[in-house]
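An overview of the molecular structure
Each chain, written out:
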Amino acid sequence: MKIRKEVLEFRPYRVLEGNYKIWLDKNENPFDLPLWLKEEIFWKLRGLHFNRYPHITSMPLREALAEFLGLDSSNIAVGNGSDELINYLVRMFEGKYIVTTPPTFGMYSFYSKLYGIPIVEVPLDENFRIRGDEIAEKAKDALAVFIASPNNPTGNLQPEEEILKVLETGAPVVLDEAYVEFAGKSMLDYVGDYPNLIILRTFSKAFGLASIRAGYMIADSSVVDALYRIKSPFSVSSVTMAIAQTLLEHYEVVEERVKFIMKERERMYEELMPYAYPSDANFLLVKLDAYNYLLDRGIVVRKLSGRLQGHIRITVGKREENDEVIKALKEFAKEL
Ligand code: PMP
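Residues numbered from 1 in each chain as written. Predicted model: local features only at pLDDT ≥ 70, side-chain atom pairs only at ≥ 80, totals over all residues. Heavy atoms only, no water.

By the naming in an unreviewed UniProt entry, the chain goes by Histidinol-phosphate aminotransferase and is assigned to Thermococcus chitonophagus. Here is the UniProt Sequence similarities (unreviewed entry) comment for the chain, exactly as written: "Belongs to the class-II pyridoxal-phosphate-dependent aminotransferase family. Histidinol-phosphate aminotransferase subfamily." According to UniProt, the comment filed for the chain under the heading Pathway (unreviewed entry) is "Amino-acid biosynthesis; L-histidine biosynthesis; L-histidine from 5-phospho-alpha-D-ribose 1-diphosphate: step 7/9." (UniProt positions renumbered as here; feature names shortened; annotations may be inferred.)

Here it is, written out as structure tokens:
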């Protein structure tokens, strides 16, 4: 038996595990679902036929999303997390390479590397904004351009006019809106005007459903149709669909939590001035090399590297958790 060299040399995606007190490293929602909502879900799960495969193109959840968003289900696809959709999107279109805008979410290049697809990087400018003109130039031969807005790990929304410059090229633009609920601003309305715009969303952040693995994309029906030609048939389970649908029916729970997280984000930003950058997401980029200092105090955050060496990314947590991080970082900064 011989494992391919490319696989053995591949850098796996890993996160820290262990016994720590406060987890603010994965941009998760700090709140689990309320018990009454879990009970409603359990009741629904009782009626599911566990012996049967889920719907082959996830139509129940796509229809629920279509109603929720005021769109048609032919414009929506769902995946086992938005990661699964990214895994297909890097392979769906003709072109020579993908374009990414580092520092950004790593999975666009992760899957591209896995399939031997070249990556052209157009780095963000000094304010972490995308350079629309430069991306547009590279877009001509690109199979797809990946832009996250709000961006992970910098937290900022990208300017619409810069995204439009890229869309005008006609190249497929995957606009990853994983954190859109915390920004209150989306480019969803442009999908009708630009058949090359593919919006990615997830249930893992604002909806607080990271454990169930559900993400969705909104795009022209030709793109949705193409995806379902190649997608693994039963990757979104009936249990996942039932839970996601229940949350769409109780969106007020999501809204209330998003509001709290946004308020806490602003509080943390003010407390952590001048080290924190403004954020439109549920996390903050902080210019302090405090990863180990926080870890020693039982607080896990994300350590950044490359251009963001010496920075950390902190997920907004519960109030008490945020208080502890603020206190620890103030102490750290005092010792500088
Ligand atoms: N896009 C971005 C920008 C993210 O930060 C994440 C999660 N870290 C994802 C996509 C993936 O989310 P999921 O696979 O849980 O839907």
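The next thing to look at is the site of the ligand. With respect to spatial proximity, the complete set of residues near the ligand consists of Gly-81, Ser-82, Asp-83, Phe-105, Asn-152, Asp-176, Ala-178, Tyr-179, Thr-202, Ser-204, Lys-205 and Arg-213. In the environment of the ligand, an oxygen atom lies 2.6 Å from a nitrogen or oxygen atom belonging to the side chain of Tyr-179. One of the side-chain nitrogen or oxygen atoms of Thr-202 is found 2.6 Å away from an oxygen atom of the ligand. With the chains in place, 93% of the 400 Å² that the ligand exposes on its own is no longer accessible. (Near = heavy atom within 4 Å. Polar contact = N/O pair within 3.5 Å; in protein donor to acceptor, adjacent residues only side chain to side chain. Areas by Shrake-Rupley, 256 points an atom, 1.4 Å probe, with all protein chains shown as cover.)

Looking now at the pattern of salt bridges. For the structure on display, the rule yields 18 salt bridges. With a closest N to O distance of 3.5 Å, Lys-185 and Glu-160 form a salt bridge. A residue pair is termed long-range when its members are at least 10 positions apart, and Lys-185 in the loop between strand E6 (173-176) and strand E7 (197-202) and Glu-160 in helix H7 (residues 160-167) qualify at 25 residues. Here Asp-225 ties to Arg-229 by a salt bridge, and the two come within 3.1 Å at their closest N and O atoms. (Salt bridge = Lys/Arg side-chain N within 4 Å of Asp/Glu carboxyl O. Helix = DSSP H or I, 4+ residues; strand = E, 2+ residues; numbered from the N terminus.)

Glancing now at the layout of surface pockets. Gaps left between atoms are located by rolling a probe of water-molecule size over the structure's atoms. When its volume is computed, the largest pocket comes out at roughly 1200 Å³. Forming the boundary of the largest pocket are 34 residues, of which Arg-11, Thr-104, Gly-106, Arg-302 and Ser-305 lie nearest the centre. Those elements that provide at least two residues to the lining of the largest pocket are helix H5 (107-114), strand E4 (119-121) and strand E11 (302-303). In terms of residue count, H5 provides more of the lining of the largest pocket than any other element does, three residues in total. Its residues assigned to classes, the lining of the largest pocket shows 17 nonpolar, seven polar and 10 charged. Looking at the lining of the largest pocket, you find at least three residues from each of domain 1 (5-30 + 252-335) and domain 2 (49-249). In this structure, the second largest pocket is lined by 27 residues; those nearest its centre are Tyr-13, Lys-26, Asp-83, Phe-105 and Lys-205. Secondary structure elements with two or more residues in the lining of the second largest pocket: helix H4 (81-89) and H5. If one sorts the elements of the lining of the second largest pocket by residue count, H5 sits on top with four residues. (1 Å grid on protein atoms, 1.4 Å probe; cavity = no way out; pocket = protein on both sides within 12 Å on 5 of 7 lines; lining within 4 Å. Points joined across faces, edges and corners; volume = space filled by probe spheres on them. Nonpolar A, V, L, I, M, F, W, Y, C, P; charged D, E, K, R; others polar. Domains from an automatic or database assignment.)

Omega for the peptide link from Asn-152 to Pro-153 comes to 15°, which places this bond in the cis form. Topologically, Pro-153 is positioned in the loop between strand E5 (142-148) and H7. Cis geometry is adopted by the peptide bond preceding Pro-274, which originates at Met-273 and carries an omega value of 0°. Positive phi is not limited to glycine here, since Asn-27 has a value of about 55°. Along the polypeptide, Asn-27 turns up in the loop between strand E1 (22-23) and helix H2 (35-46). A relative accessible area of 0% means that Asn-27 is categorised as buried. Notably, Ser-58 is not glycine yet its phi reads approximately 55°, a positive angle. Looking at the element boundaries, Ser-58 is found in the loop between H2 and helix H3 (59-69). (Buried < 20%, exposed > 50% of the residue type's maximum accessible area, 1.4 Å probe, protein only.)

With that out of the way, let us pick up the sheet that holds E7. The pairing of strands in a sheet comes from backbone hydrogen bonds and takes either a parallel or an antiparallel form. Ordered in space as E2-E8-E7-E6-E5-E3-E4, the seven strands form an open sheet in which the pairing is mixed. One side of each edge strand has no neighbouring strand; the edge strands of this open sheet are strand E2 (76-79) and E4. With strand direction ignored, the average angle separating the axes of adjacent strands in the sheet is 25°. The pairing of E6 with E7 spans four bridges and is parallel. Pairing of Asp-176 across the sheet is with Leu-200, part of E7. (Pairing = 2+ DSSP bridges. Axes fitted to C-alpha atoms, helices over the stretch in contact; angles between N-to-C directions.)

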